[in-house]
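Geometric and topological summary
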Amino acid sequence: MNTHTKAQWLYLILVAITFIGGYFFLRAAYMVSSEFPFTQEIILIFLGTIATIVITALLLNKQTEVELKKEENIKYIELKTNFYVQFLDYVEEMLSKPTVTKADFMKLKALTHKLSLISSESFLEKYHDFLNVFLKSSEDECFSELDINRISNELAELCLEIRNDLLSESGTKKEPLSKRVTKLIMNNTRLLKLKGEGKR
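So, a few notes on the structure that sits alongside this text.

1. Some points on the environment of Glu161
Tracing the chain through its elements places Glu161 in helix 5 (residues 145–167). Spatially, the C-alpha atom of Glu161 lies 9.7 Å from that of Glu125, the residues being 36 residues apart in sequence. Ignoring any residue separated from it by four or fewer positions in sequence, one finds Glu161 in contact with Ser122, Phe123 and Lys126.

This is the structure we're talking about:
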């Protein structure tokens, strides 16, 4: 049970105690005040006012929680979109360069780590295939027309995964890493490590 859930349960318990205690107090006051004119009506008005305040507070609290969740999801989508755009811009830049340098591969490593933070499992699977093609095509430190076509084909499939990731429900879902996702992340990182060792 996390801290947020514990706080919610504590809040519910305190509200329940307050309502039960308030009920018995107002009931006793209502019975005692039956001998005095207008006292019962005043107590009923007071009780109605408290009930209105409590219901309004609960509704506002729920509305605030929904708005915060919505804002959090929007920021998460923006973060994912930003990382995906950075990656696509990087590939475009690499394919237009005459040679690929060690600094370029360092940038690819950084982008790979960024993508591992937010990407879906299906994207990571396709990304692994992309890395295989991209790194193999760059072994001679430049890209031929055939290399570019192969990379473009892999990139097209990646773009489909990006679109699905951003537009589907999973785009706002922050799930814990599964063993499969963890393995994909480590395999992608290992590919780049082997490439870096081969450049020395």
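2. Digging into helix 4 (residues 121–137)
For helix 4, which comprises 17 residues, the first-to-last C-alpha distance of 25 Å matches the rise-based estimate of 24 Å (1.5 Å per residue) to within 8%. Within the sequence span of helix 4, burial applies to Phe123, Leu124, Tyr127, Phe130, Leu131, Phe134, Leu135 and Ser137. Angular distribution of buried residues about the axis of helix 4 spans 140°; they occupy a single face of the element.

3. Topic: the pattern of salt bridges
Scanning the model with the defined rule gives five salt bridges in all. In this structure, Glu71 engages Lys75 in a salt bridge whose closest nitrogen and oxygen atoms are separated by 3.6 Å. Note that Glu71 and Lys75 are positioned in helix 2 (residues 39–95) at a spacing of four residues, about one turn of the helix. Taking the relative accessible area as the measure of exposure, Glu71 reaches 41% and is therefore partly exposed. Owing to a relative accessible area of 51%, Lys75 belongs among the exposed residues under this scheme.

4. Looking at the side chain of Ser116
Tracing the chain through its elements places Ser116 in helix 3 (residues 102–118). In this structure Ser116 comes out as buried when scored by relative accessible area, which is 15%.

5. Some details on the environment of Ser120
Structurally, the position occupied by Ser120 is in the loop between helix 3 and helix 4. Spatially, the C-alpha atom of Ser120 lies 8.2 Å from that of Val181, the residues being 61 residues apart in sequence. Residues contacting Ser120, with those up to four places away along its chain left out, are Tyr84 and Asp165. A distance of 3.3 Å separates a polar atom in the side chain of Ser120 from a polar atom in the side chain of Ser122.

6. Some points on the nonpolar core
Formed by 29 residues in total, the largest nonpolar core has its most connected members in Phe87, Val91, Leu108, Phe123, Tyr127, Phe130 and Phe134. Secondary structure elements with two or more residues in this core: helix 2, helix 3, helix 4, helix 5 and helix 6 (179–199). The biggest single contributor to this core is helix 2, with eight residues. If sequence neighbours within four positions are ignored, Phe130 has contacts with Phe87, Val91, Ile151, Glu154, Leu155 and Leu158.

7. Side note on unusual backbone geometry
Positioned with a positive phi, Glu141 is a non-glycine residue whose angle comes to about 65°. Here Glu141 shows up in the loop between helix 4 and helix 5. Overall, Glu141 belongs to the partly exposed group, its relative accessible area being 37%.

The rules behind these values
Residues numbered from 1 in each chain as written. Predicted model: local features only at pLDDT ≥ 70, side-chain atom pairs only at ≥ 80, totals over all residues. Heavy atoms only, no water. Helix = DSSP H or I, 4+ residues; strand = E, 2+ residues; numbered from the N terminus. Contact = heavy atoms within 4.5 Å. Expected span 1.5 Å × (residues − 1). Buried < 20%, exposed > 50% of the residue type's maximum accessible area, 1.4 Å probe, protein only. Arc of directions from axis to C-beta. Salt bridge = Lys/Arg side-chain N within 4 Å of Asp/Glu carboxyl O. Polar contact = N/O pair within 3.5 Å; in protein donor to acceptor, adjacent residues only side chain to side chain. Core = buried A, V, L, I, M, F, W, Y, C linked by side-chain atoms within 4.5 Å.

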